[in-house]
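Inside the fold
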Amino acid sequence: WEDFKFGAYSSAISKFNQVLSLSNSTEANKVDAYNGLGWSQAKSNGMEAGYSAFSQAASSNNEARVGLAAVLIQRGQRSGMLQAIQLLTDVGLSNVATRFTSTHPIGISNAEAHAMLAFCYYWRGQAGDDALARTQIQAARAEDASADSSVAQIYNTLKAMGLTGI
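About the thresholds
Residues numbered from 1 in each chain as written. Predicted model: local features only at pLDDT ≥ 70, side-chain atom pairs only at ≥ 80, totals over all residues. Heavy atoms only, no water. Helix = DSSP H or I, 4+ residues; strand = E, 2+ residues; numbered from the N terminus. Buried < 20%, exposed > 50% of the residue type's maximum accessible area, 1.4 Å probe, protein only. Contact = heavy atoms within 4.5 Å. Polar contact = N/O pair within 3.5 Å; in protein donor to acceptor, adjacent residues only side chain to side chain. Core = buried A, V, L, I, M, F, W, Y, C linked by side-chain atoms within 4.5 Å.

Here we take up the environment of D90. On the secondary structure map, D90 appears in helix α6 (residues 78–91). When its relative accessible area of 40% is taken as the criterion, D90 is described as partly exposed. In this structure, the C-alpha to C-alpha distance between D90 and L163, residues 73 residues apart in sequence, is 25 Å. If we skip the residues at most four places from it in the chain, D90 touches N62 and R65. At 2.7 Å, the side chain of D90 forms a polar contact with the side chain of Q86.

This part is about the side chain of H114. Inspection of the secondary structure assignment puts H114 in helix α7 (residues 110–124). Overall, the relative accessible area of 2% leaves H114 in the buried class. For H114, the side chain forms a polar contact with the main-chain oxygen of L93, separated by 3.4 Å. Residues within four places of H114 in sequence aside, it is in contact with L93, N95, V96, T98, Q136 and A140.

Let us now look at the nonpolar core. Among the nonpolar cores identified, the biggest contains 51 residues, and F54, F100, M116, I137 and L158 are the most heavily contacted of them. Mapped by element, the contributors of at least two residues to this core are α2 (9–21), α3 (27–45), α4 (51–57), α5 (62–75), α6, α7, α8 (129–143) and α9 (150–161). When residues of this core are assigned to their parent elements, the largest contribution, ten residues, is made by α7. Here F100 is in contact with N62, E63, V66, V91, L93, I106, I108, S109, N110 and A113, once residues within four sequence places are set aside.

Have a look at this one:
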């Protein structure tokens, strides 16, 4: 993770792959390595590049769940949005009082994670989803009211898509 922290993503990818190739790597080490590999690939080549690695780690790692959710949101397909809701719910984010805190410097804040869930809820469009989206984006904006952040971009997108009361 040191290489990742300093933006040396190619080196980080190599080191995470080394961990994965060791026969004596524990399951926890493999999950952490897949998570790191996913984020390194995502930072180096875009979120989609991390899909496979995130998928390997998402069953037990919240950072990987958020990364995989981001990939699925970017794809913009209904099945992916539904899976992203489940992933973000598995992190605990359906409760706005739950804080997403990353162990590693992946660049996703608590506010951004809640804004992602708001977008997914609104996009799904089921009964009650407007209220769920509104609650999530309001909590995100209460924490990050910046006009030029990703939270602001999601907020403005939700307004443009027709979410009222925000």
